[in-house]
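# Structural overview for review
Letter by letter, the chains look like this.
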Amino acid sequence: MVPWLILAPSFVAGFAGLTAYGAVYSRSQLFGHTVCKTNLPKQLAITFDDGPNPAITPKLLDLLDRYHVKATFFVVGKYVRQAPDLVREVCARGHLLGNHTDTHPNLFFCGPEETRSELLRCSEAIGQATWAEPRWFRPPFGFRSPWVGALAQQQRMRTAMWTLIPGDWRPKSREWLIERIKPIAARAQAVAKLQPLGERSGGDVLCLHDGDFARPNADRTRTLSALEYWLPRWRDLGLEFVTMRETNGKAVEA
Ligand SMILES: [Zn+2]
C-alpha cells in the first residue's frame, strides 16, 4: 500500500477534528475573529442567549438593576417579534442587544445564503423594536461555519463567544449551577491577590440563557437564582460589570 493511503484515514480524521474545533471551540479563530474575553481581568461581561423570554427576562432586568449591572442579551428574532415591548425595555434599561439569528439554527449546516438571511432577519426584528441595529452577533450553539464570520462582518457585527458556559439549560439543581459558575469568583480572588493568571490576560465573558430557543416562556428560574447568589459576591470581589460594547479594543485577538 502506498504511504499516503495509510496516512489518509488519519488525515481525514484530523481534518474533521480541525473543522469541529474551528466550528465550536469558543476561542478558535479558524473561522474568523471572535471576541471571547473582556479587556481587563476585573471586568466581567454577563451575556444571555435565547430570549427575550416574558417568563424570566423582566425578573432578570429587576435583579440586574438591583446590582447596577449592565449585560448583553443575544436575542432570537422570532421571539423579538413576539415581545417587542420587552426588547425595548431591555434596551431602555441600558443593556446591549445582540443578534442570535432569527430561528436559532445550527449555522454549521447552513449555506451562505441561509446564514445571511438568518442574521439579517434577526437584525431587522431588533431594528423594528428599538430603532437600533445590533453590532454584536453570537452563533447558536456556538457553532460557526467558514462563512459566518465574514457575513456577520458584512452586516457590521462582531462575533462574540465566551470564556465560561456553565450549561444552565441542563436540568440540574441550583447548587450545581452555582458551583459551575464558581471559576469567575476564583479568578477574581486570584486577581485581588495579584496571583499570575497564566496565559489569560482579559476577564470573563459568561454565557447564560434567559430563554430557550425551542420553547417560548421557558423556566429559567435556576439561572435567576444562581445570579441572585453570585451578583452580590462578585460586586464584593470588586468585579466591574461590562457589556460586549466595552470589550471593543484589544480583546479581538483572543
Ligand atoms: Zn442559543
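The notes below deal with the structure included here. (Residues numbered from 1 in each chain as written. Predicted model: local features only at pLDDT ≥ 70, side-chain atom pairs only at ≥ 80, totals over all residues. Heavy atoms only, no water.)

## Describing the overall build of the chain
Along the backbone of the chain there are 9 helices and 7 strands. Sorting the 254 residues of the chain into buried and exposed places 51% on the buried side. Across the chain, contacts joining residues at least 24 apart in sequence account for 77% of those joining residues at least 6 apart. (Helix = DSSP H or I, 4+ residues; strand = E, 2+ residues; numbered from the N terminus. Buried < 20%, exposed > 50% of the residue type's maximum accessible area, 1.4 Å probe, protein only. Contact = heavy atoms within 4.5 Å.)

## Side note on the nonpolar core
If you look at the biggest cluster of nonpolar residues, it comprises 39 residues, and the most contacted ones within it are I46, F48, F73, I181, L206, L231 and W234. If you tally residues by element for this core, the top one is helix α9 (residues 221-236), at 6 residues. If sequence neighbours within four positions are ignored, W234 has contacts with L44, I46, I181, I184, A185, L206, L227, L239 and F241. Residues V35, F74, A160 and M161 belong to the second largest nonpolar core, which totals 13 residues. (Core = buried A, V, L, I, M, F, W, Y, C linked by side-chain atoms within 4.5 Å.)

## What about the packing of helix α2 (residues 57-66) against helix α4 (residues 84-92)?
Here α2 crosses α4 at 10 degrees, and the two axes come no closer than 11 Å. When the axes of α2 and α4 are compared, the pair comes out roughly parallel. Judged by residue contacts, T57, P58 and L61 of α2 engage L86, E89 and V90 from α4. Its residues assigned to classes, the contact of α2 with α4 comprises 4 nonpolar, 1 polar and 1 charged. (Axes fitted to C-alpha atoms, helices over the stretch in contact; angles between N-to-C directions. Parallel < 35°, antiparallel > 145°, perpendicular 65-115°, else oblique. Nonpolar A, V, L, I, M, F, W, Y, C, P; charged D, E, K, R; others polar.)

## Let's talk about the coordination of the zinc ion
The protein atoms that coordinate the zinc ion are D50 (OD), H100 (NE2) and H104 (NE2), at distances of 2.1 Å. The exposure class assigned to D50 is buried, which follows from its relative accessible area of 5%. (Donors = N, O, S within 2.8 Å, 3.2 Å for Na, K, Ca; no water.)

## Concerning the side chain of S123
Within the secondary structure layout, S123 lies in helix α5 (residues 112-130). The contact partners of S123, leaving out residues within four places of it in the chain, are N99, E133, P134 and M157.

## Observations regarding α5
Helical geometry note: an α-helix holds 3.6 residues per turn, so side chains three or four residues apart project in the same direction. Spanning 19 residues, α5 covers 27 Å between terminal C-alpha atoms, matching the ideal 27 Å at 1.5 Å per step. Three or more residues of α5 are buried, namely T115, E118, L119, C122, S123, A125, I126, G127, A129 and T130. Along its buried surface, α5 packs onto β2 (72-75), α3 (77-82), α4, β3 (96-99), β4 (136-137) and α6 (148-154). Trailing α5 by a residue or two, W131 shows a phi angle of about 65 degrees, which is positive. (Expected span 1.5 Å × (residues − 1).)

## A look at the pattern of salt bridges
According to the stated counting rule, one finds 15 salt bridges in the structure shown. Notably, a salt bridge pairs R121 with D102, separated by 3.0 Å at the nearest N-O pair. Taken together, the residues span a long stretch of sequence, with R121 in helix α5 and D102 in the loop between β3 and α5 at a distance of 19 residues. A residue is classified by how much of its surface remains accessible, and D102, at 2% relative accessible area, is buried. (Salt bridge = Lys/Arg side-chain N within 4 Å of Asp/Glu carboxyl O.)

## Re the packing of aromatic side chains
Using the criterion set out here, one finds 6 aromatic pairs in the structure. Here F108 and F109 contribute two aromatic rings whose centre-to-centre distance is 5.4 Å and whose plane-to-plane angle is 80 degrees, an arrangement assigned as edge-to-face. Looking at F109, the relative accessible area reads 67%, which means it is exposed. Through successive ring pairs, a cluster of aromatic residues spans F108, F109 and F143. Directly above the aromatic system of Y229 lies the positively charged group of R233, at a separation of 3.7 Å from the ring centroid. (Phe/Tyr/Trp six-rings, centres within 6.5 Å; stacked < 30°, edge-to-face > 60°. Lys NZ or Arg CZ within 6 Å of the ring centre and 35° of its normal.)

## What about the pairing of β2?
The alternating pattern of β2 places T72 and F74 and F73 and V75 on opposite faces, both of which are buried. As defined by bridge partners, strand β1 (residues 43-51) adjoins β2 across 4 bridges and the pair is classed as parallel. Across the sheet, D49 pairs through a bridge with F74, a residue of β2. One crossover worth recording links β1 to the parallel β2 by way of α2, and it is right-handed. With 4 bridges joining them, β2 and β3 adopt parallel strand pairing. (Pairing = 2+ DSSP bridges. Right-handed = clockwise from strand over helix to strand, strands pointing away.)

Structural measurements only, silent on function.
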